[in-house]
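# Topology and contacts: notes
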Amino acid sequence: MKSVRKTITAAATVLVTGLMATGCTSPVAAGGQGGTGSTKSLVVYSNSVSDGRGDWLKKEAGKAGFKLQFVDLGGGDIRNRLLAEQANPIADVTFGLNNVYFENLKKEDVLAPYTPSWAGKVDASAGDPTGKEYWPIVREPVMLVYDKAAYSSPAQAPSDWPDLWTEKQFAKRYEVPADLGGATAQMVLAGILSRYRDDKGDLGVSKAGWDAVKAYFHDGVPAVADTDLYARMASRKVDAGQMWLAGKATREQQYKVTTEAVHPKIGVPMTVQQVGLVKGTKKAADAKKFIDWFGSATVQAAWSKQFHTMPTNKDALAQADPAAVSDTNSFTEQDIDWSFVAEHLDQWIEKVELDYLGS
């Protein structure tokens, strides 16, 4: 079984995409920073630039005087790439990863302290506990979604993750990750295993928990490289799978599939995407200006309207997409001990990749 680090190396790609016409109003024109002077070229590592987000951000940042080059990978892969490059960093800024990854990067001394100009507009407790090295930008649920056309009524559809592997009608009708390099896949795993915490169990999890994960992968249909979950639902290959809120909205339009997000009583993993300055960047001054611009109320409100996200910047909320805010708040947040998850996540991934993927 390939290791996570090998996965990163094989999968690493630098996106050099053209600008995409979006038809939206420039957030920078409404008071963004950096709109004058020479262009500031920055390398940005992120797991949150797919679905047109990177193209949009390049265009808007360009108006503010920033020229961005993205490295687009899954959340776990971004983290590991930053760790691998620690002695000779290539990235100037990273954003999109959640608290677990950022806290790990902080402990490994990958981040540099910086307090953005908008720090007073966010709940600092949603970011770095010491409030110095990473800051919250977007709050987003990680969900189980299903194709509404696949079921005659909501009562026939899954109502929680365990339904997938405990009720026979869902067997081989839902998609599971083919690898665990992505943040969404890792958060789903964390949400499942946290239900079975046992400090005396294997890696802090009871036997029932590992049996559940084994059944989850065994009864699921592995994801296919370069084929989106929604494309597979549109062709009736599968009926359900994992998704994040903004991804649901984008894909429903793209693939003409109407999906429903499951609202389990226990709640869902609620991630908070963060942004941080990479330690050792030779462009620290420009990188700080970009962080100030990107996390500003104007830019985050425009990002929300364009990509159906809920900003953490309090001033951005009033101008944000109201449906995105309502959808995010419709979910109960699962009670997860993220410190416990951070302590065990790498070991969980290794065990799943060795023992259960492809089972």
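Keep in mind it's a predicted model, so treat the numbers as computed, not measured.

## Some points on the overall build of the protein chain
Across its full length, the protein chain holds 14 helices and 13 strands. Per-residue burial over the protein chain gives 55% buried out of 359 residues.

## Some words on the pairing of strand 10 (residues 240–244)
Strand 10 sits mainly inside the fold: 4 of its 5 residues count as buried. Pairing of strand 6 (residues 135–147) with strand 10 involves 5 bridges; the strand directions are antiparallel. Bridge pairing in strand 10 places Leu-144 opposite Gln-242.

## A few points about the pattern of salt bridges
As enumerated under the stated definition, the model contains 20 salt bridges in all. Among the salt bridges present, the one from Lys-351 reaches Asp-202, with a minimum N-O distance of 3.2 Å. Taken as a pair, Lys-351 in helix 14 (residues 338–355) and Asp-202 in strand 8 (residues 197–202) lie far apart in primary sequence, 149 residues in all. Given the relative accessible area of 16%, Lys-351 is considered buried. Three or more residues joined by partner-sharing salt bridges are found here, namely Asp-51, Asp-228 and Arg-251.

## Quick word on the nonpolar core
Among the nonpolar cores identified, the biggest contains 54 residues, and Val-213, Tyr-216, Phe-217, Trp-348 and Val-352 are the most heavily contacted of them. Contributing elements (two or more residues each) for this core: strand 2 (40–46), helix 3 (75–84), helix 4 (99–107), strand 6, helix 5 (163–166), helix 6 (183–193), helix 7 (207–219) and helix 14. Grouped together as the second largest cluster of nonpolar side chains are 31 residues, Leu-57, Phe-95, Tyr-114 and Ala-119 included.

## Some remarks on the environment of Phe-294
Considering the arrangement of structural elements, one finds Phe-294 in helix 10 (residues 284–294). Linking Phe-294 and Phe-95, residues 199 residues apart in sequence, is a C-alpha distance of 10.0 Å. Sequence-distant contacts of Phe-294, defined by excluding residues within four places in its chain, comprise Leu-57, Phe-95, Ile-137, Val-299, Gln-300 and Trp-303.

## Some remarks on the packing of helix 2 (residues 53–63) against helix 10
Relative to each other, helix 2 and helix 10 sit at 110°, their axes nearing to 12 Å. For the element pair helix 2 / helix 10, the angle class is roughly perpendicular. Relative to helix 10, the crossing made by helix 2 is right-handed. Listed contacts from helix 10 to Leu-57, Glu-60 and Ala-61 of helix 2 are Phe-290, Trp-293 and Phe-294. Residues that form the contact of helix 2 with helix 10 fall into these classes: 5 nonpolar, no polar and 1 charged.

## Some details on empty space enclosed by the protein
Evaluation of the coordinates by the stated rule reveals 2 cavities of 30 Å³ or more. Of the pockets and cavities examined, the largest cavity occupies roughly 50 Å³. Together, Val-142, Trp-161, Val-188, Gly-191, Ile-192, Arg-195, Pro-264, Gly-267, Val-268, Pro-269 and Gln-334 line the largest cavity. Per-element tally for the lining of the largest cavity: the top contributor is helix 6, with 3 residues.

## Notes on the layout of surface pockets
Approximately 430 Å³ is the volume attributed to the second largest pocket. Contributing to the lining of the second largest pocket are 20 residues, with Asn-99, Val-100, Ala-126, Gly-127 and Trp-338 lying nearest its centre. Looking at the lining of the second largest pocket residue by residue, the class counts come to 9 nonpolar, 6 polar and 5 charged.

## Some details on the side chain of Thr-312
Of note, Thr-312 is situated in the loop between strand 13 (310–311) and helix 12 (314–317). A polar atom in the side chain of Thr-312 sits 2.8 Å from the backbone oxygen of Pro-136. Leaving out residues up to four positions away in the same chain, Thr-312 has contacts with Lys-121, Val-122, Pro-136, Ile-137, Val-138, Arg-139 and Val-272.

## Comments concerning the environment of Thr-39
Looking at the element boundaries, Thr-39 is found in the loop between strand 1 (14–15) and strand 2. A relative accessible area of 56% means that Thr-39 is categorised as exposed. Separated by 23 residues in the primary sequence, Thr-39 and Gly-62 have C-alpha atoms spaced 8.0 Å apart. Apart from the residues lying within four places of it in its own chain, the contact partners of Thr-39 are Gly-65, Phe-66 and Lys-67.

Calculation notes
Residues numbered from 1 in each chain as written. Predicted model: local features only at pLDDT ≥ 70, side-chain atom pairs only at ≥ 80, totals over all residues. Heavy atoms only, no water. Helix = DSSP H or I, 4+ residues; strand = E, 2+ residues; numbered from the N terminus. Buried < 20%, exposed > 50% of the residue type's maximum accessible area, 1.4 Å probe, protein only. Pairing = 2+ DSSP bridges. Salt bridge = Lys/Arg side-chain N within 4 Å of Asp/Glu carboxyl O. Core = buried A, V, L, I, M, F, W, Y, C linked by side-chain atoms within 4.5 Å. Contact = heavy atoms within 4.5 Å. Axes fitted to C-alpha atoms, helices over the stretch in contact; angles between N-to-C directions. Parallel < 35°, antiparallel > 145°, perpendicular 65-115°, else oblique. Left-handed = near helix turned anticlockwise from the far one by under 90°. Nonpolar A, V, L, I, M, F, W, Y, C, P; charged D, E, K, R; others polar. 1 Å grid on protein atoms, 1.4 Å probe; cavity = no way out; pocket = protein on both sides within 12 Å on 5 of 7 lines; lining within 4 Å. Points joined across faces, edges and corners; volume = space filled by probe spheres on them. Polar contact = N/O pair within 3.5 Å; in protein donor to acceptor, adjacent residues only side chain to side chain.

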